[in-house]
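What follows is each chain in one-letter form.
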Amino acid sequence: MTSANMELQKAVYLALSGDAVLVEKLGGPNIYDHIPAAAAFPYVTFGQTTVYDWSTDSEVGDEHLFTVHVWARAGGRKQVLEIMDLIAIRMSRAVLALDGHRLVNMALQYSQARNDDERDGYHGLLRYRAVTEVMA
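The following refers to the structure shown. (Residues numbered from 1 in each chain as written. Predicted model: local features only at pLDDT ≥ 70, side-chain atom pairs only at ≥ 80, totals over all residues. Heavy atoms only, no water.)

On to the environment of Y122, then. With respect to the helices, strands and loops of the structure, Y122 is situated in strand 5 (residues 121–134). When its relative accessible area of 23% is taken as the criterion, Y122 is described as partly exposed. For the pair formed by Y122 and G76, sequence separation is 46 residues and the distance between their alpha carbons is 5.9 Å. Setting aside anything within four residues of it in sequence, one finds Y122 in contact with V70, W71, A72, R73, G76, R77, V80, R114, N115 and D116. (Helix = DSSP H or I, 4+ residues; strand = E, 2+ residues; numbered from the N terminus. Buried < 20%, exposed > 50% of the residue type's maximum accessible area, 1.4 Å probe, protein only. Contact = heavy atoms within 4.5 Å.)

As structure tokens, this is what we get:
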């Protein structure tokens, strides 16, 4: 069985890359785990993931804290905010299937948009909290 963390990222990726409106706004399927050297802006990346074991005597499960990043240049803050809204809407409606695990719940904890001088552009961040348990 694969890890719940890997299954969750795969399901989130499939949900985002399967959203035609989001893909159009990105100018293509620009959703990455590892950013290609020639990646065109705007794009979405997976960021930090932290997993905590919340297992009990009768249940086995994990709490996941993960981030989704949005990067833009020419479209500025407005473009970052529009993409962040599309991601938040998609994730709030997504039914995520995880092999060997069940998604108990998932919610957006916070979002942030800011100027990023290091990348000469704008950066958006969405932080999610999800709880999974092993399927019996």
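Another aspect to go through is the packing of helix 1 (residues 4–17) against helix 3 (residues 76–93). It is at 10 Å that the axes of helix 1 and helix 3 come closest, and there the two elements cross at 120°. The angle between helix 1 and helix 3 places the two elements in the oblique class. Of the two elements, helix 1 crosses helix 3, and the hand of that crossing is right-handed. Only I87, R90 and M91 of helix 3 make contact with helix 1, whose side of the interface consists of V12, A15 and L16. Considering only residue class, the contact of helix 1 with helix 3 consists of five nonpolar, no polar and one charged. (Axes fitted to C-alpha atoms, helices over the stretch in contact; angles between N-to-C directions. Parallel < 35°, antiparallel > 145°, perpendicular 65-115°, else oblique. Left-handed = near helix turned anticlockwise from the far one by under 90°. Nonpolar A, V, L, I, M, F, W, Y, C, P; charged D, E, K, R; others polar.)

This next bit is on the pairing of strand 3 (residues 61–72). The side chains of a regular strand alternate between the sheet's two faces. Of all the twelve residues making up strand 3, ten are buried; the element is thus mostly covered by neighbouring parts of the structure. Bridging between strand 2 (residues 43–53) and strand 3 involves nine bridges; their strand directions are antiparallel. Looking across to strand 3, one finds that T50 is bridged to L65. Looking at chain direction, strand 3 and strand 5 are connected through twelve bridges and run antiparallel. Residue A72 lies in a different strand from strand 5, and its bridge partner there is Y122. (Pairing = 2+ DSSP bridges.)

Throughout the structure, instances matching the rule amount to six salt bridges. We note a salt bridge from E7 to K10, for which the minimum N-O separation is 3.2 Å. Of this pair, E7 and K10 are both found in helix 1, three residues apart, which corresponds to roughly one turn of the helix. Judged by its relative accessible area of 43%, K10 falls in the partly exposed class. Residue E133 pairs with R102 through a salt bridge whose shortest N-O separation is 2.7 Å. Of this pair, E133 sits in strand 5 while R102 sits in strand 4 (residues 101–116); the two residues are 31 residues apart in sequence, bridging distant segments of the chain. Given the relative accessible area of 15%, E133 is considered buried. Connected through salt bridges with shared partners, the residues K25, K78 and E82 form a single ionic network. (Salt bridge = Lys/Arg side-chain N within 4 Å of Asp/Glu carboxyl O.)

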